[in-house]
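Tertiary structure, described
Below are the chains, spelled out letter by letter.
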Amino acid sequence: MRLSRYFLPVLKETPSEASIASHRYMLRAGMIKQQSAGLYSWLPLGFKVMKRIEQITREEQNRAGAVEMLMPTIQGADLWRESGRYDDYGQEMLRIKDRSDRDLLYGPTNEEVITDIFRSFVRSYKDLPINLYHIQWKFRDEVRPRFGIMRCREFLMKDAYSFDISMEEAVRSYNKMFVAYLNTFARMGLKAVPMRADTGPIGGDLSHEFLILADTGESEVFCHKDLVDMVVPGTDIDFDSDLQPIVDQRTALYAATDEMHDQAAFEAQVPADKRLSARGIEVGHIFCFGDKYSKPLGAKVMGSDGKEHVAQMGSYGVGVSRLVGGIIEASHDENGIIWPKSVTPFGAGIINLKVGDAEADAACEDLYSKLSTAGIDPLYDDKNDRGGVKFSRMDLIGLPYQLVVGPRGLKDGVVEVKDRKTGEKQNLSPGAAINMIIFAYKDVNP
């Protein structure tokens, strides 16, 4: 993409309402625009990052055996009355009426709808297990939306729902999602720590939150340090194998948010030099809640014993849009965002220091063409701005690599390549620069 043709409304000054890094940089980098309290338009740069996060999430769900579908944002109230949650959910649910005075709601979650779909079509244990997911917008009327997209009212979420014949099988489905989440967040360049969680209004007694460590996190977390750097299972994992040992390895060590924290247990179970107290951002939450919804909604299947069995369920959420902010909170510096290669909106930035110079223009066009052909998707800054403006803008939007092209370097047959994460700069021939960047992305999306 040529910057002269792209919509990138960068701001020089930080808006006064932005108090955390992700909110500041998303506004300044032209990623979002607030429409009203807790509601945002996603501008091209922000939308592109969100779609990359969505695709990684989708790939890992598919790899774990989940099947994608799509449910509506607007739901009928009758299903929620049938489950008993319509009056219990609270004011976070936006309740509305249609022209026929029927009660509707903007879905904050989808347990009722998916259970209705299941009970309408599945009759036998032979059709199990089933895990269905969608990636859809949700609305929760936060009493105090703040921190930009980190705590807003409308957000994009992946939610999956598993159905099994027994609780033993339901735990197997739960373990698949547990492992899939480890891989998902690792592919985004994040170190996510699973922590035993309160099930809250979703229900059940088996639940884990996945949190990434960040100074601005909303939760205080306490865990064993080894959990942060523990190697993830990897994308070649066999999801039909017994995954319980992997889950046990992750859950055997102490990890809790402030809501579940027991200081005495923490000190007893974790050596002093291994205790980590920090702040964390929730980016995923998984639940195994048995028959909380299937029982009142009559979601039953015929078992191999010839008897009807109430389906055992689980649900599994990833905050897709929230992850955009979470990644920024975990990866930024005083100059702007530092995108992991797997989610960066563009693979590299090309900076032409002298637009209109025949040699500089030709070199940039060649870099742009060859990187595009190689699938790197570069952003070519072909605007007629001062060099300082170009450098600041490229640092702000955080692309992993910057290729700086100017007449002085070209006289020596080189371009400057800057690594945004380390700040390291090196002079390479254009061909060597292209090969270095292509190699850097070789294993980004397995």
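The text that follows walks through the structure, step by step, so that each part is easy to find.

About the thresholds
Residues numbered from 1 in each chain as written. Predicted model: local features only at pLDDT ≥ 70, side-chain atom pairs only at ≥ 80, totals over all residues. Heavy atoms only, no water. Helix = DSSP H or I, 4+ residues; strand = E, 2+ residues; numbered from the N terminus. Buried < 20%, exposed > 50% of the residue type's maximum accessible area, 1.4 Å probe, protein only. Contact = heavy atoms within 4.5 Å. Salt bridge = Lys/Arg side-chain N within 4 Å of Asp/Glu carboxyl O. Pairing = 2+ DSSP bridges. Axes fitted to C-alpha atoms, helices over the stretch in contact; angles between N-to-C directions. Phe/Tyr/Trp six-rings, centres within 6.5 Å; stacked < 30°, edge-to-face > 60°. Core = buried A, V, L, I, M, F, W, Y, C linked by side-chain atoms within 4.5 Å. 1 Å grid on protein atoms, 1.4 Å probe; cavity = no way out; pocket = protein on both sides within 12 Å on 5 of 7 lines; lining within 4 Å. Points joined across faces, edges and corners; volume = space filled by probe spheres on them. Nonpolar A, V, L, I, M, F, W, Y, C, P; charged D, E, K, R; others polar.

Right, let's talk about the side chain of Asn-352 for a bit. Looking at the element boundaries, Asn-352 is found in strand β19 (residues 349-352). Among the residues examined, Asn-352 registers a relative accessible area of 0% and is labelled buried. Residues within four places of Asn-352 in sequence aside, it is in contact with Ala-360, Asp-361, Cys-364, Tyr-380, Asp-381, Lys-390 and Val-405.

Right, let's talk about the pattern of salt bridges for a bit. Proximity of charged atoms lets side chains of opposite charge pair with each other. Across all of its chains, the model carries 35 salt bridges by this definition. Across the pair Glu-111 and Arg-85 runs a salt bridge, and its minimum N-O distance is 3.1 Å. Of the two residues, Glu-111 sits in helix α4 (residues 111-121) while Arg-85 sits in the loop between α3 (77-83) and β5 (94-97), which places them 26 residues apart along the sequence. What makes Glu-111 buried here is its relative accessible area of 1%. What emerges from the salt-bridge pattern is a single network uniting Asp-78, Arg-81, Lys-97, Asp-101 and Asp-103.

Attention shifts here to the environment of Ala-192. As for its position among the elements, Ala-192 is in strand β9 (residues 192-196). We classify Ala-192 as buried; its relative accessible area is 10%. Distance in space between the C-alpha atoms of Ala-192 and Val-283 is 8.3 Å, their sequence separation being 91 residues. Beyond its immediate sequence surroundings of up to four residues, Ala-192 is in contact with Leu-182, Phe-185, Phe-210, Leu-211 and Ile-212.

Strand order in the open sheet formed by three strands is β4-β6-β5, and the pairing between neighbours is antiparallel. What marks the edges here is a single partner per strand, and that holds for β4 (74-76) and β5. With strand direction ignored, the average angle separating the axes of adjacent strands in the sheet is 35°. In the sheet, β4 pairs with strand β6 (residues 103-106) via three bridges, with the strands oriented antiparallel. From the neighbouring strand, Ile-74 faces β6, where its bridge partner is Tyr-106.

Within this structure, the stated rule accounts for 14 aromatic pairs. For the pair Tyr-181 and Phe-210, a centre-to-centre distance of 5.3 Å together with 55° between the ring planes defines the contact as tilted. Here Tyr-181, found in helix α5 (residues 167-187), pairs with Phe-210, found in strand β10 (residues 206-213); they are 29 residues apart in sequence, far enough to count as distant. The class for Tyr-181 is buried, based on a relative accessible area of 0%. Relative accessible area serves as the criterion here: at 0%, Phe-210 is assigned to the buried category.

Judged by nonpolar contacts, the single largest core of 72 residues is most densely connected at Met-31, Ile-53, Phe-185, Met-188, Val-324 and Trp-339. Looking at this core, the element that brings in the most residues is α5, giving nine residues. When near neighbours in sequence (up to four residues on either side) are disregarded, Phe-185 contacts Leu-190, Ala-192, Phe-210, Val-283, Gly-284, Val-318 and Leu-323. Judged by nonpolar contacts, the second largest core, of 22 residues, contains Ala-348, Ala-363, Leu-371 and Val-415.

A word on the layout of surface pockets. In this structure, the second largest pocket occupies an estimated 510 Å³ of space. Residue lining of the second largest pocket: 24 residues in total, with Met-188, Gly-189, Pro-340, Lys-341 and Lys-421 positioned closest to the centre. Its residues assigned to classes, the lining of the second largest pocket shows 13 nonpolar, four polar and seven charged.

The subject of this paragraph is empty space enclosed by the protein. Summed over all chains, the structure comprises two cavities of 30 Å³ or more. Considered class by class, the residues forming the lining of the largest cavity number four nonpolar, two polar and four charged. Taken as a whole, the second largest cavity holds about 50 Å³ of empty space. Lining the second largest cavity we find Gly-38, Leu-39, Tyr-40, Trp-42, Trp-137, Ile-149, Cys-152, Glu-154, Phe-155 and Ser-321. Looking at the lining of the second largest cavity, the elements with two or more residues in it are β2 (39-42) and β8 (154-164). Residue composition of the lining of the second largest cavity, grouped by class: seven nonpolar, two polar and one charged.

A word on helix α1 (residues 21-28). Among the eight residues in α1, seven count as buried, and that is most of the element. Along α1, the positions that sit buried rather than exposed are Ala-21, Ser-22, His-23, Tyr-25, Met-26, Leu-27 and Arg-28. Those residues of α1 hidden inside the fold are in contact with β1 (32-36), β2, α8 (320-330), β17 (332-333), β18 (336-337) and α10 (387-397). Looking one or two residues past α1, Gly-30 carries a phi angle of roughly 70°, positive in sign.

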